[in-house]
Amino acid sequence: MSTTVSGKNGTWRNWAGNVTARPVRAVTPASVEELSAAVRKAAEDGLRVKAVGTGHSFTATAATDGVLIQPHLLTGIRAIDRAAGTVTVEAGTPLKRLNAALAREGLSLANMGDIMEQTVSGATSTGTHGTGRDSGSIAAQIKGLELVTADGSVLTCSERENPDVFAAARIGLGALGIITAITFAVEPLFLLTACEEPMPFEKVLAEFDELWAENEHFEFYWFPHTSNTNTKRNNRSLGPRQPIGQVSGWFEDEFLSNGAFQVANWVGQAVPATIPAIARISSRALSARTYTDIPYKVFTSPRRVRFVEMEYAVPREALVETLRELKTMVDRSDLRVSFPVEVRTAPADDIALSTASGRDSAYVAVHMFRGTPYQAYFTAAERIFTAHEGRPHWGKVHTRDAEYLAKAYPRFGEFTALRDRLDPDRRFGNDYLRRVLGE
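Residues numbered from 1 in each chain as written. Predicted model: local features only at pLDDT ≥ 70, side-chain atom pairs only at ≥ 80, totals over all residues. Heavy atoms only, no water.

Caption draft 1: Expanded view of the overall build of the protein. If you tally the helices and strands in the protein, you get 14 helices and 21 strands. Taken over C-alpha atoms, the radius of gyration comes to 21 Å for the protein, in line with the 22 Å a tight globule of 439 residues would show. Considering only C-alpha atoms, the protein reaches an extent of 60 × 50 × 45 Å along its principal axes. By the burial criterion, 59% of the 439 residues in the protein qualify as buried. Counted over contacts in the protein with a minimum sequence separation of 6, partners at least 24 positions apart contribute 74%. Only carbon and sulfur atoms are counted for the fraction: they give 52% of the accessible area of the protein, which is about 17600 Å². Counting 49 positive and 51 negative side-chain charges, the protein places the averaged centre of each group 5 Å from the other. (Helix = DSSP H or I, 4+ residues; strand = E, 2+ residues; numbered from the N terminus. Rg over C-alpha atoms; globule rule 2.2 N^0.38 Å. Buried < 20%, exposed > 50% of the residue type's maximum accessible area, 1.4 Å probe, protein only. Contact = heavy atoms within 4.5 Å. Areas by Shrake-Rupley, 256 points an atom, 1.4 Å probe, with all protein chains shown as cover. Lys, Arg positive; Asp, Glu negative; His and termini not counted. Charge placed at Lys NZ, Arg CZ, Asp CG, Glu CD.)

So this is what it looks like as structure tokens:
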């Protein structure tokens, strides 16, 4: 996964290819001082500024027609405080490098998403999350951050220092400034045992409350046009470490989940009528397996088949009804959906624009193969999600605006008031932020 500013016209494209932008210039600062200078120079030139990581957002949250900040040189660990249980990392550091570096130090994040290609600032700013009964999103693990504001000054934020900014900027959409460093809570490296097994759709729904309560991390994938799911339960383990075998891991995670799945999607795109049959085969392709490994090797997996995604957080108690309605909609429609629907959970947190802000949440993610028309499917799914007070993932396709979001988030006004104070001239604004946050 990568983001590029390339070609004769200097066009930037995101990973999925559904968002493009043509910045006036791109800047790759090698220090916080250089980044601050770039922000001040943009203000002098009357240009807006946005930072972009690996471009894995499916929305235009990082797109700009002004100055594009590429933080690729702002990488690495600044400091580890074992007594405090924290690590401070430069904002442009990819999660995969952070995870590997922490493991070498005998440390780990408590929870993480299912991919690790994003930068730490991009992942946290858009609310990237995994699944957890008690442990929340990556942003919920932040203990402090450093922010370059609209006048080029550097602001340090934590629960004790600038707490109002800290409360909002952990998921700030790039609207409050450009994050240059993040301090995460970490803990001694531990082991997770993953149990993956197929399970009928109706059985998962009937037993969802128990599956959620009995496992530290529970998620499942439902394959549209079938009544089949694949479930995954991750729980801490005393060991021993028993990773996936090299050959079986390659066969299931690379050959089946990526290579064969890519070919299946090409076939389905060319002949949509084959998709239900392909879905039935795909839903039975992976066998049950159990393995034990360090966290990032259990939580994350390679995603090489490109897609477009919509994801909504609904109140956890509304999940079962939401999924029944989604399945009924697909079954009664002419839609042909080749990607599974992903379901995860997160506990309530205290971040203003977190999709789990103030309520235990369940996430339902719908995907379509890149290049396949997705509007009809996403529109129908979004209608179901919003009927259940859904909150859209900030980095994934949705059509909601500030009027809707102000009602969905109790602390929405708190965030926009802070934005008015920190960036009154909208130096960090763009069309997407105008839609979701207002003028």
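Caption draft 2: Molecular detail of the layout of surface pockets. Its volume calculated, the second largest pocket comes out at about 260 Å³. Lining of the second largest pocket is provided by 16 residues; of these, Lys-143, Gly-144, Cys-157, Ser-158 and Thr-183 occupy positions nearest its centre. At the level of secondary structure, the elements contributing two or more residues to the lining of the second largest pocket comprise strand S8 (86–90), strand S10 (142–148), strand S11 (154–158) and strand S12 (178–185). Here the element with the most residues in the lining of the second largest pocket is S10; it accounts for 4 residues. (1 Å grid on protein atoms, 1.4 Å probe; cavity = no way out; pocket = protein on both sides within 12 Å on 5 of 7 lines; lining within 4 Å. Points joined across faces, edges and corners; volume = space filled by probe spheres on them.)

Caption draft 3: View of the nonpolar core. With 57 residues, the main nonpolar core has Phe-184, Leu-353, Trp-394 and Leu-437 as its most contacted residues. Setting aside anything within four residues of it in sequence, one finds Leu-437 in contact with Leu-173, Ala-175, Leu-353, Ala-402, Phe-412, Phe-415, Thr-416 and Arg-419. In terms of nonpolar packing, the next biggest core, distinct from the first, is built from 43 residues, Trp-15, Val-366, Phe-369 and Phe-385 among them. (Core = buried A, V, L, I, M, F, W, Y, C linked by side-chain atoms within 4.5 Å.)

Caption draft 4: Quick peek at a nonpolar patch on the surface. A grouping of Val-263, Trp-266 and Val-267 is seen on the molecular surface, where their side chains present a nonpolar patch of about 290 Å² in accessible area. Positionally, Val-263 belongs in helix H7 (residues 246–270). Judged by relative accessible area, which is 44%, Val-263 ranks as partly exposed. (Patch = residues over 30% accessible without salt bridge, like charges linked within 9 Å, V, L, I, M, F, W, Y side chains within 5 Å. Salt bridge = Lys/Arg side-chain N within 4 Å of Asp/Glu carboxyl O.)

Caption draft 5: Structural context of the sheet that holds strand S21 (residues 391–392). Taking strand neighbours across the sheet as the criterion, the 8 strands line up as S17-S14-S16-S15-S19-S20-S18-S21 in an open arrangement whose pairing is antiparallel. Of all the strands in the sheet, just strand S17 (289–293) and S21 have a single pairing partner and so form its edges. Here 9 bridges tie strand S18 (residues 307–315) to strand S20 (residues 361–369), and the two strands are oriented antiparallel to one another. Its bridge partner being in S20, Val-314 is matched across the sheet by Ala-362. (Pairing = 2+ DSSP bridges.)

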